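Single-letter residue listing:
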Amino acid sequence: MTSERRAASLVGEQAQAVGKKARLRRSAWRTLRHNPIAMAALFGFGLLLLTVILAPVITSIPPNDHDYEHLLEPPSWTHPFGTDDLGRDILSRVLWGGRESLRVAVMAIAVAVSGGIVVGLVSGYFGGWLDTLIMRIVDVLLAFPSILLLLSIVAALGPNLGTVLIALGISAIPSFSRLVRGSVLAARNYEYVTAARVLGASDAYIMFTQILPNIMAPLIIYATVGLGGAILTTAGLSYLGLGAQPPSPEWGAMLNAGRTHLRDAWWMSVFPGLAIFLAVLFVNLLSDGLRDALDPKLRL
């Protein structure tokens, strides 16, 4: 009877933990909703995503369509962002380039988060020699400067956006795995985890349905911050010629193409640079709002 009462008590504690998580989610949304800066950033980034997705609807001019009668034309009603040295419409290229830049950044962070979750969960949950082995490998990867690791991967696989995606994802996995492992070490001894073990749940079930949902808050915040960095890094590598290759309309590649025309055609660099600035600004402001909303200590 004692063991049965203990099991019933643990089941009750697990139910209370589930209810507490639901209340925290509702409280987090209320906090975020009442943060005007965060909501403005969320609206701005959503509008930016919608704009690049609807690029074929917003502009009917193909991004690589040449118009040799309007070379280096300043902003006008026909070409709101002007044209480049080959007569291509800058507005069209900024919108289509946003598809490339944001797609690579989002997918790279998705790869990093997925890899970090798996590595961090396994390392933190099982501990022992497996944790030591995994963390030493992670330490070796973290010992390399991230830009050096990125350049090494790009040099090995060749310069293109697919390589940039792989390089960004792989280089960020160690940081995410460290974050996940630290959260798992704190969460694996909580009552709801003990209750799941008493009920006969498997290790995989406990890791992915009990522990992972309870450590998502810092992971979401870190992933949001990382997204801004991924946008900048993608543009930076393309600017150096290691990412998107001509004539691909990518923001960093457009900056590289416009750097030789800063005096006579400022619009070639200003508009793609402004797109990068706004995307990173919106993401960073949103990450600050998410931190305020998801950290229970800041809501007390």
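1. Let's talk about the overall build of the chain
Then, number 1: Counting its secondary structure elements, the chain contains 12 helices and zero strands.
Then, number 2: Reading the chain from its N end, one meets helices and strands in the order α-α-α-α-α-α-α-α-α-α-α-α.
Then, number 3: Looking at the chain as a whole, 42% of its 300 residues qualify as buried.
Then, number 4: Surface accessibility of the chain: about 15,400 Å² in total, with carbon and sulfur atoms responsible for 68%.

2. Observations regarding the side chain of Glu250
Then, number 1: By secondary structure assignment, the location of Glu250 is in the loop between α10 (216–239) and α11 (251–258).
Then, number 2: Of the buried charged residues, Glu250 lacks a salt bridge, with Arg93 as the closest side chain of opposite charge at 8.9 Å.
Then, number 3: A distance of 2.6 Å separates a polar atom in the side chain of Glu250 from a polar atom in the side chain of Ser101.
Then, number 4: In terms of polar contacts, Glu250 uses its side chain to reach the side chain of Ser238, at 3.1 Å.

3. Digging into the packing of helix α4 (residues 90–126) against α10
Then, number 1: Closest axis-to-axis distance for the α4/α10 pair is 9 Å, and the angle between their directions is 140 degrees. The pairing of α4 with α10 is recorded here as oblique in orientation. Remark: the crossing between α4 and α10 carries right-handed chirality. Residues Leu102, Val104, Ala105, Val106, Ile109, Val113 and Ile117 of α4 pack against Leu219, Ala223, Gly226, Leu227, Ala230, Ile231 and Thr234 of α10.
Then, number 2: Of the residues that constitute the contact of α4 with α10, the class distribution is 12 nonpolar, two polar and no charged.

4. A short note on the side chain of Thr224
Then, number 1: Along the chain, Thr224 falls in helix α10.
Then, number 2: Contact partners of Thr224, with chain neighbours within four places excluded, come to Val283, Ser287 and Leu290.

5. Some thoughts on unusual backbone geometry
Then, number 1: The omega torsion across Pro246 and Pro247 is 5 degrees, close enough to zero to call that bond cis.
Then, number 2: Topologically, Pro247 is positioned in the loop between α10 and α11.
Then, number 3: Here the phi dihedral of Leu72 falls at roughly 50 degrees; this positive angle occurs in a residue that is not glycine.
Then, number 4: Counting through the fold element by element, Leu72 comes out in the loop between α3 (55–58) and α4.

6. A few points about the pattern of salt bridges
Then, number 1: Evaluation of the coordinates by the stated rule reveals six salt bridges.
Then, number 2: The partner of Arg103 in a salt bridge is Glu100, and the shortest N-O contact between them spans 2.8 Å. With Arg103 and Glu100 both in helix α4, this residue pair falls three residues apart, about one helical turn.
Then, number 3: With relative accessibility at 23%, the residue Glu100 sits in the partly exposed group.
Then, number 4: Residues Arg136 and Asp139 are paired through a salt bridge, measuring 2.8 Å at the closest nitrogen-oxygen approach. Here Arg136 pairs with Asp139, and both are found in helix α5 (residues 128–143), just three residues apart, close to one helical turn.
Then, number 5: Take Arg136: its relative accessible area is 43%, and that puts it in the partly exposed class.
Then, number 6: Relative accessible area serves as the criterion here: at 27%, Asp139 is assigned to the partly exposed category.
Then, number 7: Beyond isolated ion pairs, a larger network of salt bridges with shared partners links Arg136, Asp139 and Arg178.

7. Describing the environment of Tyr192
Then, number 1: Note on placement: Tyr192 falls in helix α8 (residues 191–198).
Then, number 2: Expressed as a C-alpha distance, the spacing of Tyr192 and Gln210, which sit 18 residues apart in the sequence, is 7.5 Å.

8. Structural notes on the packing of aromatic side chains
Then, number 1: For the coordinates displayed, the defined rule picks out five aromatic pairs.
Then, number 2: Pairing Trp266 with Trp267 gives two aromatic rings, centres 5.6 Å apart and planes at 80 degrees, and the pair type is edge-to-face.
Then, number 3: According to the relative accessible area criterion, Trp266 is partly exposed, its value standing at 42%.
Then, number 4: Where Trp266 meets Phe271, the ring centres are 6.0 Å apart and the plane angle is 40 degrees; that geometry is what we call tilted.
Then, number 5: In textbook terms, an aromatic cluster arises when at least three aromatic residues are bridged by ring pairs, as seen for Phe81, Trp266, Trp267 and Phe271.

9. Digging into helix α2 (residues 36–53)
Then, number 1: With 18 residues, α2 extends 25 Å from end C-alpha to end C-alpha; this agrees with the ideal 26 Å at 1.5 Å per step.
Then, number 2: Looking at α2, one finds that the buried residues are Ala38, Ala41, Gly44, Phe45, Leu48 and Val52. Take α2 and look down its axis: the buried residues cluster within an arc of 125 degrees, on one side only. Structural note: α2 exposes Pro36, Phe43 and Ile53 on the side pointing more than 90 degrees away from its buried face.
Then, number 3: Where α2 starts, the residue carrying a side-chain oxygen 3.2 Å from the main-chain nitrogen of Ile37 turns out to be Asn35.

Parameters and conventions
- Residues numbered from 1 in each chain as written.
- Predicted model: local features only at pLDDT ≥ 70, side-chain atom pairs only at ≥ 80, totals over all residues.
- Heavy atoms only, no water.
- Helix = DSSP H or I, 4+ residues; strand = E, 2+ residues; numbered from the N terminus.
- Buried < 20%, exposed > 50% of the residue type's maximum accessible area, 1.4 Å probe, protein only.
- Areas by Shrake-Rupley, 256 points an atom, 1.4 Å probe, with all protein chains shown as cover.
- Lys, Arg positive; Asp, Glu negative; His and termini not counted.
- Salt bridge = Lys/Arg side-chain N within 4 Å of Asp/Glu carboxyl O.
- Polar contact = N/O pair within 3.5 Å; in protein donor to acceptor, adjacent residues only side chain to side chain.
- Axes fitted to C-alpha atoms, helices over the stretch in contact; angles between N-to-C directions.
- Parallel < 35°, antiparallel > 145°, perpendicular 65-115°, else oblique.
- Left-handed = near helix turned anticlockwise from the far one by under 90°.
- Contact = heavy atoms within 4.5 Å.
- Nonpolar A, V, L, I, M, F, W, Y, C, P; charged D, E, K, R; others polar.
- Phe/Tyr/Trp six-rings, centres within 6.5 Å; stacked < 30°, edge-to-face > 60°.
- Expected span 1.5 Å × (residues − 1).
- Arc of directions from axis to C-beta.

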